[in-house]
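Architecture at a glance
Given next are the chains, with one letter for each unit.
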Amino acid sequence: MTTAASVGDLVSQPYKYGFVTDIETEKIAKGLSEDVVRLISAKKDEPDFLLQFRLRAYRQWLQMETPDWAALGYPPIDFQNIIYYAAPKQRDKKASLDEVDPKLLETFDKLGIPLSEQKRLTNVAVDAVFDSVSIATTYKEKLAEHGVIFCSISEAVKEHPELIERYLGTVVPSNDNYYSALNSAVFSDGSFVFIPKGVECPMELSTYFRINSGDTGQFERTLIVAEEGASVSYLEGCTAPMFDTNQLHAAVVELVALDDASIKYSTVQNWYAGDEHGVGGIYNFVTKRGHCRGDRSKISWTQVETGSAITWKYPSCVLQGADSVGEFYSVALTNNHQQADTGSKMVHVGPRTRSTIVSKGISAGHSANSYRGLVQIGPKAVGARNYSQCDSMLIGDQAAANTYPYIRSQQPLASVEHEASTCRMSEDQLFYLQSRGIAFEEAVSMMVSGFCRDVFNQLPMEFAAEADKLLALKLEGSVG
Amino acid sequence: MGASTVSAKTLATWTGELLAQLPAPSGPLAAVQGRGREALAALPLPSRHQEAWRFTDLALLAGLDLPPSGAQSSGITPDGPAPEGTSPQGACEDKPPTLRLQLDGRRDPLSGVVLPPGLTRLSDSELVLALGHTLAATGCEQHWPVELNHACASQLLALRVSSRAQVSLELVSDGATGLRPLRVLLILEEKAELQLCQRLTAAGSGLTSLVLEAHLGRGAKLQHGLVALGQPDGALLAHLAMEQDPESDVSLVAVSAGWGVSRLEPRVVQVDGSATTTLRGLQVVAGDQIADTHSHIAFGGPEGQLDQLHKAVADGRGRSVFNGAVRVPRAAQRTNAAQLSRSLLLSDRARIDTKPELEIVADDVRCAHGATVSCLQQDELFYLQSRGIAAEQASALLKRAFCEEVLRELPAPARLWCPFERLLAADGFESGPAPAVESGPEAPEGEAG
Amino acid sequence: MIRPDANVLLEIRGLHARVEDKAILKGVNLTLRAGEIHAVMGRNGSGKSTLSKVLAGHPAYTVTAGTVTYRGANLLELSPEERARVGVFLGFQYPVEIPGVSNLEFLRVATNARRVQLGQEELDTFAFEDLVRERLTVVQMDPAFLDRSVNEGFSGGEKKRNEILQMALLEPLVAILDETDSGLDIDALRIVAAGVSQLATADTATLLITHYQRLLEAITPDFVHVMAAGRILRTGGRELALELEERGYDWVDQELAALELG
């Protein structure tokens, strides 16, 4: 009991990124209609195919109903009480960072993502998205030398419309689900990555999302295409200020890997989670899917989910190419009244496709943490293999850990294996570490890192330590 | 369940016709029948849109050629190979406390039977109190198959096993056609022990509906072996609801094969925890059969134990579904639960759906679950072949080994009803009536080792 | 090695303790001086293990009366990690397994916590590896165990060796070894005993908690205490252990009964 109580305190560390940047913002009026969709498209000066894409999605959305199958509880969302477009006031995207509003640069500095030439991270190119728009992308020129396109999706629409038209909506059709339809209708910005044939992207790519406005929904759209033999490692990070209202974040991420291509997509999600009574926080309803279109292609998802009031997210892989590989490594930590319903779908279509799922859920406080997964072996997936492992750690007797691993197989020459376990951070283990002189917080942190090790090992080096720290921070004061 | 019989008739029409044909409520269950019929008329029909029925299409029921009135006690003599004409047998002589009863859904199974010591029939007033209690405790009293049973069943078997008594009971329901609603209620008093072997077989087109409730007092022990061997044009809907007081012990081994569609719902609640539950399931499908097991285990208090193994073999165009819910709320600290689902997929037109559901709100628990789906292990096959065993024989050996893990846990009498060959003779399922497992009332002692 | 003028390291006076609502220790008195090896013997349930847990500060045990003074300071007000850092070590009867936490990393963090307390420099990973390899010889342990998770999948003997390795790294002044001999075969027992003897110096005190005499054949105690019903019933030299071995524990019961009657 004492263990649980103080593990609980450990988790309840104040949110560090809760500040609001005071900056003049251009917003459109609240509410959603066909006119709003047209207005967003017009503001972004989009080609007709994209307007049509948005309108089609909007009409589909009108016909759909909010999903209710997840183990989540929240009041219905008033979609007319959300602002669908907000942008810091600055004329155009600046050619040089020197022209970007210093307040914005300062904001990203504070978040630990310095953008200016002197301070920016070496070997990581960053696209910084503030509310609905991308404000800066570093190392663009250097990447261009290798033929790599890394820019905001709005820019890509203007500069590479043929690529957008060819790939947008081909992995996550706009009518895939309620929130993907909504996103397809109103998406504001996001990142676009294109790695041409045979190119190994010379640096890590990263997008940092910041929600600033209190009543704005964030609907970003990310599209990553790796051509034959190309490879890239991409990381997204996200934070938001603390408001006592809930904000909607409904993103869509599409990945396409052609023959022999490989995409590694990592997320460190730290949206504001609401306070200890469950007031405020982000509703994070995200559709992420990768399509291993080519033979021997590989898509790997790694996520560290610590934020958001509600997370509803199932990064998935459609393994179509023969011998293609899908991976999902996840750590989800929930505390207070957070709810997370997350997992992965691995859809094996092609022969000899392989997938691995490793999910670690940590639930503390009054939170609910669910793993929901689907492993589907289609009739043609001869020789396919899946291995899934889902472990839950419970801290305190008020938190819930649910596991719903669904398997469907239609191919006898395939094997699917699922293992799951539930454990707690035991008083005896903590005492053992303490009795060797290790401080309580450190003992908790060691055990959590140990529990999550298989997943942290998958993160790019720079971020593994970051993720470890983030978890330790979230857990501070929550055990013991 | 031939495709031709799946006519345009919908489940709604079928249910409507069934309700219309049922005779007026009568017998000890008259009140239940009345309520069940009302409920059935009002309940939404099972459909693929409901999570609980997502994988199993009961619309197939509508294709069943049921003479529902014939199934009621309207004087029609049952046909088929089963010796229905013989009167229920009293206690077998060899093992004194063994009682074999015929359950056919039409006659009072206890009429003319002298109950051995330790067994008593529940009185009407006890029935009023006890009937439905365990269904409610396990949260299934309003399930469609349960209400269907309520609506149709006019007879029941309601027995009490006295404190500290040790009783062995065999319930046999052989070879029926048409509608066969079976209702069983068992109350095991403190430290009572009951070995219950139950056999359900079908002779032709029909629906067997079983609702069994068992309440185990403190320290009571129930060993239940259910062998359900059906026909491709037969359907089975069974709810097995168990309510366990502390220190009680339930062991349920359920084997089903050969039904056009079967749905088994073992539902267990450990009222105050501290009980032991062992579940073993084996379901075999071939042809166009669907077998579905939805198990649900809830812990109402601390220190409960669950050990569950569910196995499935799917061949032909068969579909096997397993959904295993385990609920461990806050009150259930120190629960130790393990669930394993293992499926053999033997044909590329067959399908396996398996979905464990673990919901835990207690930090000091050990809950593990696992699931595997695969065909026979190639390296095992190869090993046997490399020792000179023909491929076919090797795969038969491995299939047998796979099934044996569950079969060998059946209580001895039930084990004899369920030869392995009967389970996996896929052709046997589709070519005419199944070979009679055993026709006489005498147990074939010494037939198997 | 009894020197009446040696420093008192640990002084236990009138110690009472309970777990949940059950009183287990009912007035334990014990003094450990530098250079001494003490053995506490007694039946299961006599309170031996509770004494060790209370000294290490296990949160499940509550001290209801009495004092424990470690080098002149109140030990009872220190947290478990502070006790370890100032030099009180408990070798567990059942060391827990901690999956995922690397044994090497664990040993390093613990060693550095103790070094910081002693005003020594923290060791980096390379320097620590040198140290740990050197100390491994004390318990003749395979270096492969360093790369595994803490105690995970270790045999009983390997776990006990890992305990003594920790002791060799932390260099405690007071070592309390709870049933260190249980579950060991003869060879492992000899190795563990040799390790313990090697680590016992003129500046340290050792408290061996054991049920059997066999550990005391390998490590010679200066004092033997017999514990029963939460108290130390009798104290003597090593001959007391031999007496227990010969006569069993029944006489203890009689003595206890006599005591309660009186």
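Residues numbered from 1 in each chain as written. Chains lettered and ligands numbered in written order. Predicted model: local features only at pLDDT ≥ 70, side-chain atom pairs only at ≥ 80, totals over all residues. Heavy atoms only, no water.

1. Things to note about the overall build of chain C
Within chain C one finds nine helices and twelve strands. For 262 residues, the compact-globule estimate of 2.2 N^0.38 gives 18 Å, and the C-alpha radius of gyration of chain C, at 18 Å, lies within 12% of that figure. Each of the three principal axes of chain C carries a C-alpha extent, and together these read 60 × 40 × 40 Å. The 262 residues of chain C split such that 53% are buried. A fraction of 70% describes how many contacts in chain C between residues 6 or more apart in sequence connect residues 24 or more apart. In the form shown here, chain C has an accessible surface area of approximately 11500 Å², with 49% of it arising from carbon and sulfur atoms. (Helix = DSSP H or I, 4+ residues; strand = E, 2+ residues; numbered from the N terminus. Rg over C-alpha atoms; globule rule 2.2 N^0.38 Å. Buried < 20%, exposed > 50% of the residue type's maximum accessible area, 1.4 Å probe, protein only. Contact = heavy atoms within 4.5 Å. Areas by Shrake-Rupley, 256 points an atom, 1.4 Å probe, with all protein chains shown as cover.)

2. Describing the interface of chain A and chain C
Between chain A and chain C, the contact holds 18 residues from the first and 31 residues from the second. For the pair chain A and chain C, the summed buried surface comes to about 2000 Å²; carbon and sulfur atoms form 65% of the total. If you sort the residues of chain A by the area they bury against chain C, Phe431, Tyr432 and Arg436 of chain A come out on top, with a joint share of 39%. The interface formed by chain A and chain C contains one salt bridge. Applying the counting criterion to the chain A and chain C interface returns eleven residue pairs in polar contact (both at pLDDT 80 or more). If you list the elements that add at least two residues to the side of chain A that touches chain C, you get helix H9 (427-434) and helix H10 (440-456) of chain A. (Buried area = accessible area lost by both parts, 1.4 Å probe. Salt bridge = Lys/Arg side-chain N within 4 Å of Asp/Glu carboxyl O. Polar contact = N/O pair within 3.5 Å; in protein donor to acceptor, adjacent residues only side chain to side chain.)

3. Here we look at the pairing of strand E23 (residues 400-409) of chain A
Along E23 of chain A, ten of the ten residues are buried, which leaves the element largely enclosed by surrounding structure. Burial of the side chains of E23 of chain A extends over both faces: Ala400, Asn402, Tyr404, Tyr406 and Arg408 of chain A are buried on one face and Ala401, Thr403, Pro405, Ile407 and Ser409 of chain A on the other. For strand E21 (residues 368-377) of chain A and E23 of chain A, the ladder comprises ten bridges, and the chain directions are parallel. Opposite Val375 of chain A, over in E23 of chain A, you have Ile407 of chain A as the bridge partner. As paired strands, E23 of chain A and strand E15 (residues 351-360) of chain B are joined by six bridges and run antiparallel to one another. Within E15 of chain B, the position partnered with Ile407 of chain A by the bridge is Thr354 of chain B. (Pairing = 2+ DSSP bridges.)

4. Re the side chain of Thr372 of chain B
Its place among the elements puts Thr372 of chain B in strand E16 (residues 366-374). There is a polar contact of 3.5 Å between the side chain of Thr372 of chain B and the side chain of Arg342 of chain B. Ignoring any residue separated from it by four or fewer positions in sequence, one finds Thr372 of chain B in contact with Val416 and Glu417 of chain A together with Ser341, Arg342 and Ser343 of chain B.

5. Some details on the interface of chain B and chain A
Taken together, the contact between chain B and chain A spans 35 residues of the former and 30 residues of the latter. Both sides of the chain B and chain A interface together cover about 2700 Å² of buried area, and 51% of this is carbon and sulfur. Linking chain B to chain A there are two salt bridges. When the shortest N-O distance is used, the salt bridge between Asp353 of chain B and Arg408 of chain A registers 2.6 Å. There are 14 residue pairs in polar contact (both at pLDDT 80 or more) connecting chain B and chain A.

6. Points about the sheet that holds strand E4 (residues 61-70) of chain C
What holds strands together in a sheet is hydrogen bonding between their backbones, with the strands either parallel or antiparallel. Residue and element names in this part refer to chain C. Taken together, four strands build an open sheet; the order of strands is E2-E1-E4-E5 and the sheet is antiparallel. In this open sheet, the two edge strands, each paired with only one partner strand, are strand E2 (22-33) and strand E5 (73-74). Taken together, the eight bridges between strand E1 (residues 8-19) and E4 define a ladder with antiparallel strand orientation. Bridging across to E4, Arg13 finds its partner in Thr67. Here helix H1 (residues 48-56) sits on the sheet and contacts E1, E2 and E4; the angle it forms with E1, its principal contact strand, is near 110°. (Axes fitted to C-alpha atoms, helices over the stretch in contact; angles between N-to-C directions.)

7. A look at H10 of chain A
The sharpest bend along H10 of chain A measures roughly 40° and falls at Gly450 of chain A. Looking only at H10 of chain A, the buried set comprises Phe440, Ala443, Val444, Met446, Met447, Val448, Ser449, Gly450, Phe451, Cys452, Val455 and Phe456 of chain A. (Bend = angle between axes of the 7 residues up to and from the residue.)

8. Focus: the environment of Val268 of chain B
Residue and element names in this part refer to chain B. Its place among the elements puts Val268 in strand E9 (residues 261-270). C-alpha of Val268 to C-alpha of Val250: the two residues are 18 residues apart in sequence and 9.0 Å apart in space. In this view, Val268 contacts Thr138, Met242, Gln244, Thr277, Leu279, His296, Ile297 and Ala298; residues no more than four positions away in its chain are not counted.

9. Structural notes on the confidence of the model for chain C
All names here are of chain C. In this model, chain C carries an average pLDDT of 89, and 98% of its residues clear a pLDDT of 70 or more. Here helix H9 (residues 250-261) is the element of chain C with the lowest mean pLDDT, 76, and E1 is the one with the highest, 95. As a predicted assembly, this complex carries a pTM of 0.81 together with an ipTM value of 0.81. (pLDDT = per-residue confidence, 0-100.)

10. Description of the sheet that holds strand E9 (residues 174-178) of chain C
All names here are of chain C. One open sheet holds the six strands; their spatial order is E6-E9-E10-E3-E11-E12, and the pairing between them is mixed. Of all strands in the sheet, those with a lone pairing partner are strand E6 (88-91) and strand E12 (231-236), marking the two edges. Averaged over all pairs of adjacent strands, the angle between their axes in this sheet comes to 20°, without regard to strand direction. One ladder, built from four bridges, connects E6 with E9; its direction is parallel. Residue Leu90 lies in a different strand from E9, and its bridge partner there is Ile176.

11. Focus on the packing of aromatic side chains
Aromatic rings in a pair are described by how distant their centres are and how their planes are angled relative to each other. As enumerated under the stated definition, the model contains 21 aromatic pairs over all chains in all. The interplanar angle of 50° and the centroid separation of 5.0 Å between the aromatic rings of Tyr432 of chain A and Phe92 of chain C together place this pair among those described as tilted. Taken together, the residues Tyr432 of chain A in helix H9 and Phe92 of chain C in the loop between E6 and strand E7 (98-102) connect one chain to another. Measuring from ring centre to ring centre gives 5.9 Å for Tyr432 of chain A and Phe106 of chain C, while their planes differ by 25°; the resulting arrangement is stacked. With Tyr432 of chain A in helix H9 and Phe106 of chain C in helix H3 (residues 103-117), the pair connects residues from two separate chains. One aromatic cluster is present, built from ring pairs that chain together Tyr58, Trp61, Tyr74, Phe79, Tyr178, Tyr179, Tyr283, Phe285, Trp312 and Tyr314 of chain A. Looking at Arg436 of chain A, its charged tip hangs above the ring of Tyr432 of chain A, at a distance of 5.2 Å from the centre. (Phe/Tyr/Trp six-rings, centres within 6.5 Å; stacked < 30°, edge-to-face > 60°. Lys NZ or Arg CZ within 6 Å of the ring centre and 35° of its normal.)

12. Topic: the layout of surface pockets
In this approach a probe as big as a water molecule rolls over the atoms, and the regions it shows empty are the leftover space. Within this model, the second largest pocket holds a volume of roughly 1000 Å³. Lining the second largest pocket are 36 residues, and of these Cys423, Arg424 and Gln429 of chain A together with Glu97 and Pro99 of chain C lie nearest its centre. Taken together, the elements giving at least two residues each to the lining of the second largest pocket come down to strand E22 (385-394), strand E24 (415-424), H9 and H10 of chain A, strand E14 (336-345) and E16 of chain B together with E7 of chain C. Grouping the amino acids of the lining of the second largest pocket by side-chain chemistry returns 13 nonpolar, ten polar and 13 charged. (1 Å grid on protein atoms, 1.4 Å probe; cavity = no way out; pocket = protein on both sides within 12 Å on 5 of 7 lines; lining within 4 Å. Points joined across faces, edges and corners; volume = space filled by probe spheres on them. Nonpolar A, V, L, I, M, F, W, Y, C, P; charged D, E, K, R; others polar.)

13. Points about the pairing of strand E17 (residues 325-334) of chain A
All names here are of chain A. Buried residues dominate E17, accounting for ten of its ten residues. Of the two faces of E17, the one lined by Val325, Glu327, Tyr329, Val331 and Leu333 and the one lined by Gly326, Phe328, Ser330, Ala332 and Thr334 are each fully buried. In this sheet, E17 lies alongside strand E14 (residues 298-305) in parallel orientation, the contact comprising eight bridges. When the sheet's bridge partners are listed, Trp301 is paired in E17 with Phe328. With ten bridges connecting them, E17 and strand E20 (residues 354-363) associate as parallel partners. Across the sheet, residue Leu333 finds its bridge partner in E20, namely Ile362.

14. Section: unusual backbone geometry
Residues and elements named next belong to chain C. Phi angles above zero are rare outside glycine, and Glu171 is one such case at about 45°. Located in the positive-phi region is Glu179, a residue other than glycine, with phi close to 45°. Mapped onto the elements, Glu179 comes out in the loop between E9 and helix H6 (186-199).

15. Notes on the confidence of the model for chain A
Of the residues in chain A, 88% reach a pLDDT of 70 or more, and the chain-wide mean stands at 85. For residues 1-8 of chain A, every residue scores under 50 in pLDDT, and the model assigns this stretch 37 contacts once sequence neighbours within four places are set aside.

16. Here's the deal with the packing of helix H7 (residues 378-385) of chain B against helix H8 (residues 391-407) of chain B
All names here are of chain B. Axis separation between H7 and H8 bottoms out at 9 Å; the angle between their running directions is 125°. By the criterion of interaxial angle, the relationship of H7 to H8 is oblique. Relative to H8, the crossing made by H7 is right-handed. Every residue of H8 that contacts H7 at Glu380, Leu381, Leu384 and Gln385 is listed here: Ala391, Ala394, Ser395, Leu397 and Leu398. Looking at the contact of H7 with H8 residue by residue, the class counts come to six nonpolar, two polar and one charged. (Parallel < 35°, antiparallel > 145°, perpendicular 65-115°, else oblique. Left-handed = near helix turned anticlockwise from the far one by under 90°.)

17. Some remarks on the nonpolar core
If you look at the biggest cluster of nonpolar residues, it comprises 111 residues, and the most contacted ones within it are Ile362 and Leu471 of chain A together with Leu10, Ile12, Phe106, Leu165 and Leu208 of chain C. No other element matches H10 of chain A, which puts ten residues into this core. Dropping the residues within four chain positions of it, Leu165 of chain C is found in contact with Leu107, Val132, Arg135, Leu136, Val139, Met141 and Leu146 of chain C. Counting residues in hydrophobic clusters, the runner-up holds 56 residues, among them Leu103, Leu210, Val268 and Leu306 of chain B. (Core = buried A, V, L, I, M, F, W, Y, C linked by side-chain atoms within 4.5 Å.)

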